[in-house]
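Secondary and tertiary structure notes
This is what each chain is made of:
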Amino acid sequence: MNELKSESSGEHPKRVVILSGGTGRTANQVITASLAQFSDVDVEVRQVTGIRKSDDAVRTVRRAAEEGAVICHSLVDPDVRSSVEHEARKLGVPTIDVLGPALAMLGDYLKATAKGRPGLLYELHYEQMDRMDAVDFTLAHDDGSRLRDVGQADVVLVGASRTSKSVTCFYLASHGVRAANVPLIPNQPPPKELTRLSPRRVIGLTMNAARLESIRQTRLDRISHLPVSQYAELSEIREELRWVRNVMAENGWECLDVSYKATEEVAGLIIERLPPPRRRKGQRRKKPPKSIS
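The present account deals with the structure reproduced in this document. Small disclaimer: the values here were computed from a predicted structure and weren't measured. (Residues numbered from 1 in each chain as written. Predicted model: local features only at pLDDT ≥ 70, side-chain atom pairs only at ≥ 80, totals over all residues. Heavy atoms only, no water.)

**Describing the pairing of strand S1 (residues 14-19)**
The buried fraction of S1 amounts to 5 of the 6 residues, a majority that puts the element mostly inside the structure. Of the crossover connections in this fold, the one passing from S1 over helix H1 (residues 25-35) to the parallel strand S2 (residues 43-48) is right-handed. (Buried < 20%, exposed > 50% of the residue type's maximum accessible area, 1.4 Å probe, protein only. Helix = DSSP H or I, 4+ residues; strand = E, 2+ residues; numbered from the N terminus. Right-handed = clockwise from strand over helix to strand, strands pointing away.)

As structure tokens, this is what we get:
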């Protein structure tokens, strides 16, 4: 129960019942804004949320009739809404539908039918929060940072320097996937935090030596004209990539060649390879996963 009360005048409080198939936030905001226009009244607001069956809705209407309450609802399921309206008319319970008129108007204007599925606004909110969480996580776990909790990632990208690990991670994060990346340093064993993860959650990125040489040389030209030993030399890059692929193979990590692929294409391939519970686009972490379009 959620109660909102104004100054009491000593009389028995009036009651408003908020009835919703979702969280009740929409109807609650309407009632709160409306009550702000009244003073010196005592109003008890009770929320009955998560109503998905007509029988449950009808029982709420009958209780409201017994209490002399009014009902404000934001039901979107046509059957449940119809049951409430029918029972309210029969029992003489004043009822307002805060979504019905808007749904009807938009349906006519868009020449479409509303989904009639409760909780979509709540899901949208969670999708937005999930994306924000994923971006924060990816920022904190870029380039091998915070390895101690890398196990919380949905996917960890590994590979040689300049193989598009970071940019791919941030593209994934913008779609609600918690992505971390860890560079593989030539002739150094991969971090133990990485090798402890399930191989299915680690994906390697690589590219052909000529392409990587071009990318690294362009980067060097931008930051310095001084030569950097081994970093952009073709022969050294070939050897480094050979070592990286061996490490990936030894640990059972799948390897994707990203030489001439766009970031969104690489991200799509990665999402397809994630274990089913983690294959989501902005999907809430504690709910069943959706398919990714």
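**Concerning the sheet that holds strand S7 (residues 202-206)**
The parallel open sheet is built from 4 strands, whose spatial order is S6-S5-S7-S8. Of all the strands in the sheet, the pair left with one neighbour each is strand S6 (179-183) and strand S8 (254-257). Direction aside, neighbouring strands of the sheet carry axes that sit 30° apart on average. The sheet contacts of helix H6 (residues 165-173) involve strand S5 (155-159), S6 and S7, and relative to S6 the element is tilted by about 170°. (Pairing = 2+ DSSP bridges. Axes fitted to C-alpha atoms, helices over the stretch in contact; angles between N-to-C directions. Contact = heavy atoms within 4.5 Å.)

**Points about the environment of Arg131**
Its place among the elements puts Arg131 in helix H5 (residues 120-140). Placed 42 residues apart in sequence, Arg131 and Ala173 show a C-alpha to C-alpha distance of 6.3 Å.

**What about a nonpolar patch on the surface?**
There is a patch of nonpolar side chains on the surface, built from Met105, Leu106, Tyr109 and Leu110 and spanning about 470 Å² of accessible area. Turning to its location among the elements, Met105 is positioned in helix H4 (residues 100-110). (Patch = residues over 30% accessible without salt bridge, like charges linked within 9 Å, V, L, I, M, F, W, Y side chains within 5 Å. Areas by Shrake-Rupley, 256 points an atom, 1.4 Å probe, with all protein chains shown as cover. Salt bridge = Lys/Arg side-chain N within 4 Å of Asp/Glu carboxyl O.)

Shape descriptors only; they carry no functional weight alone.
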